[in-house]
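Residues per chain are reported as follows:
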Amino acid sequence: MKDKITIEGRSLLFNVGFVVLNLVGLVFVVMGYHESAGESSTLYKSIGVILMMLSIVGLIVFRGKLMMSSVSRVLVGGLFIVSGLVKANDPIGFSYKLEEYFEDGALAYRVKEWFGAPGFSLEWLMEHALLLSVIICILEIVLGVLTIIGGKIKWVAYLMMGMMVFFTFLTWHTSTCDNEVKFLDHDTYVLSDSKDAYTATMKTEAAKLEAAKAKKHKPIKSKKTGKLLRYVPQVYVVSKNKQEVVIGEWKSPQCVDDCGCFGDALKGSVGRSLTPSESLWKDIILLYLVLWIFVAQWIVKPNTRKENLIMGTGAMLVIIFFSWVFGWYYPVMFGGVSILIALWSLRADGRKLGKFWGGSMLAVSLVLLLISYGLVYGAIDWRIILFAVLSLAAAITMMILGAKVLSNHWGSALVVTNLCFIMVIYVLMYEPIKDYRPYAVESNIQKKMKDGVEGQYENVLIYKNTQTGKLKEMTEEEYMASNIWEDSTWVYEDRIQRTIVEAVNPSIMDFNPTLQMADMSDDERNCILVKNILDTSVTTTSTLRFMNLMYNEEEMVPMEEYVPEYYPESDYQLLDTIVTTAMNPDITEVAILDGILKADKIVMVVSKKLGDGSWEGSVDRIKAIQKACKKKNVPFIFICNAAPADIVRFKKKYKLNVPIFSMDEIELKIIARSNPAMLVLEKAVVKAKYPHRTIPTVETFKDKHLK
């Protein structure tokens, strides 16, 4: 008869020691691969690998696999809940990051490169990025809770392993992406689409030029291989018919430079994001811990009450720690409630849970699913309604027949899913609960534009000893003091640039609302911010008008060219002085950034896409607030990303007489997730931010901001 597998294994003391040793070894390995390790890198790696190997052997011999997996469940479960909540706090921001990965030159280029499939594309996923964002963050939280309480561990182990492989691949791609390499891409252009047809024409012309260049180019013999190197056209036509044109093109990858919501949260809390390399190692650590859960899935049983107390407490400590790191304690409350309500559902009476609680939770889930789907896609189509109706009908039928519906751990998962749905629906309707972006309330925009760090670098000369082969590095000062050029045994090898202080970009880089002079209407001209600029941009010229008495004709003399000796009173009579004003012809656009930052108070309405904004329910309040601001001489402006013609149509449609300025869409997405949103700034400090659903009435706005 086999021994019963317990958390203690063959020795509680030894297995605790081996678990600690394993985690310490993991820390040393990560330290060894960090860029700050320097010359100690090999030592750290060696210590880490030895400790991990010894501890793994010890865990196998003393049957500590269950203990190691239990510790991994506490660590991974807690971190999954926090990580999922950080993403669920801003699913729109997470979807923007997914869109970056789905662009044709991002993740897809790996497949094109590895499998020789230049036509492969992930761009079709871009329209579903928000849906995937919601699914991923909810799944992450639910898996975290189930991992802690030991529910459906086989399902959880496979799903967690799949998620970690996916995220590790993403961060590996980010950390190793090189935008200087080239990959072959095939793009298909449909000729019935005017935009596609125009692009296809331009690409076809470029292909002809490349083909002509290839014919003229003479092959060069490679010094290394001896082969003839021919010119490779960078653009060429793969195929062409009446319906479409397929263009082959050598492109550079689009590299994603940070880790999305997790990075934004760290920027907003500790002041910097994880580097791509650090983000990769974070996922490798999680993947390693999940691997222990995956390996032990066959021996992991649902928690007893005592195990729930121990593992729940451990997981809450993990959640508290990371909440402290992020400066946001909402995950402590949400994580605690999720774990407790999951356990309550599990411990409730099976018949009651099966017949009523499980069925009602399923019904609630379907309602929340419909609401979420509508917020994600802006409408609910027949497919999601059919799915909901069939699922609900099946649940009601099973309840009538007396069967248990989603009881036990499935019921626990469903309850936690509903909690996540409620949170996600809230942030989709409004704004993130915790705003980590540089435009959060109480942020000083002017300071955020100057909080970057200028990089410091030094040139290093490398010399090689011809006798020993030893390399010597010297700064320019050390080089001048060494007189090494007088020693014939040392020869110049290379010159490198060493980073002393890493450059850090400011939090805000692209906030700069502008307007082309040619597109300016009376609404903009009458705006106080624009008036101040125009007044200082007007040039005044004076011209003297003389009567030449000798020839009895008028002469015009610019004031700066007037010399009294050349125009004696005997020959010239001064008639008058003509003063003319004109705009400086060199000014083609107006930038109002300086006026915004210096304004005692200013109200801004921002819209990332003017045509997609939810204006019907908010435009009347916006108009009323604009009138109130005008009476108080408080500047009121719109900032959007739209073509001049679209702005004109928008003003006419909603009868809005407001100054509208343009700015980069990406920066507008950072300012607010809601479309539109209203911000109140006082001396460059964001004092209030209102998503379109909470734009106040004019009376409330006056009481808060216009007293």
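It should be noted that the structure appears before, not after, this text.
Residues numbered from 1 in each chain as written. Predicted model: local features only at pLDDT ≥ 70, side-chain atom pairs only at ≥ 80, totals over all residues. Heavy atoms only, no water.

Colleague: Before we go on, may I ask you to explain the packing of aromatic side chains in this structure?
Modeller: Applying the stated criterion to the full structure yields 33 aromatic pairs. Look at W615 and F638: their rings are 5.8 Å apart centre to centre, the planes differ by 15°, and that puts the pair in the stacked class. Of this pair, W615 sits in the loop between β14 (602–607) and α21 (619–631) while F638 sits in strand β15 (residues 636–640), and the two are 23 residues apart along the sequence. On the accessibility criterion, W615 (2% relative accessible area) is buried. (Phe/Tyr/Trp six-rings, centres within 6.5 Å; stacked < 30°, edge-to-face > 60°. Helix = DSSP H or I, 4+ residues; strand = E, 2+ residues; numbered from the N terminus. Buried < 20%, exposed > 50% of the residue type's maximum accessible area, 1.4 Å probe, protein only.)

Colleague: Just checking my understanding: could you explain the sheet that holds strand β5 (residues 244–251) for this structure?
Modeller: Hydrogen bonding along the main chain pairs the strands of a sheet, whether they run parallel or antiparallel. Strand order in this open sheet of 3 strands is β1-β5-β4, and the pairing throughout is antiparallel. Each having just a single partner strand, β1 (183–190) and β4 (235–240) make up the two edges of the open sheet. The average undirected angle you get between the axes of adjacent strands in this sheet is 25°. Against the sheet, helix α8 (residues 194–216) makes contact with β1, β4 and β5, and its axis sits at roughly 135° relative to β1, the strand it touches most. (Pairing = 2+ DSSP bridges. Axes fitted to C-alpha atoms, helices over the stretch in contact; angles between N-to-C directions. Contact = heavy atoms within 4.5 Å.)

Colleague: Quick question: what am I supposed to make of the nonpolar core here?
Modeller: A general tendency of soluble globular proteins is for nonpolar side chains to be buried together. Core analysis: the biggest nonpolar cluster contains 83 residues, and V76 and I138 have the highest contact counts within it. With 13 residues, helix α6 (residues 129–149) is the largest single contributor of residues to this core. Contact partners of I138, with chain neighbours within four places excluded, come to T417, C420, F421 and V424. Counting 31 residues, the second largest nonpolar core, distinct from the first, contains L515, V530, A672 and V686. (Core = buried A, V, L, I, M, F, W, Y, C linked by side-chain atoms within 4.5 Å.)

Colleague: Got a minute to help me understand the pattern of salt bridges in this structure?
Modeller: Inspection of every chain in the model, using the stated rule, returns 27 salt bridges. Between D90 and R673 there is a salt bridge, with the nearest N and O atoms lying 2.6 Å from each other. Pair noted here: D90 is in the loop between α3 (65–89) and α4 (91–102) and R673 is in the loop between α23 (665–671) and β17 (677–682), with a separation of 583 residues, a long-range link. Across the pair, R673 and D90 agree in class, each one buried. (Salt bridge = Lys/Arg side-chain N within 4 Å of Asp/Glu carboxyl O.)

Colleague: What's the story with the sheet that holds strand β6 (residues 456–465) in this structure? I'm lost.
Modeller: In space, the 3 strands of this open sheet follow the order β7-β6-β8, with antiparallel pairing throughout. Edge strands, defined here as strands with exactly one partner in the open sheet, are β7 (471–475) and β8 (490–501). The average undirected angle you get between the axes of adjacent strands in this sheet is 30°. With 5 bridges connecting them, β6 and β7 associate as antiparallel partners. Among the inter-strand pairings, K464 is bridged to a residue of β7, identified as L471.

Colleague: Even after reading the chapter, I still don't get the side chain of D523, so can you show me in this structure?
Modeller: As for its position among the elements, D523 is in helix α18 (residues 522–525). Polar side-chain contacts of D523 include one of 3.1 Å to the side chain of K651. When neighbours within four sequence positions are excluded, D523 is seen to be in contact with K651, L656, N657, V658 and P659. (Polar contact = N/O pair within 3.5 Å; in protein donor to acceptor, adjacent residues only side chain to side chain.)

Colleague: I keep staring at helix α24 (residues 698–705) and nothing clicks. Help me out?
Modeller: Note that an α-helix has 3.6 residues per turn; residues three or four places apart therefore point the same way. Looking at α24, one finds that the buried residues are V698, F701 and H705. Viewed along the axis of α24, the buried residues span an arc of 60°, placing them on a single side of the element. Lining the buried residues of α24 we find β14, α21, β17 and β18 (685–691). (Arc of directions from axis to C-beta.)

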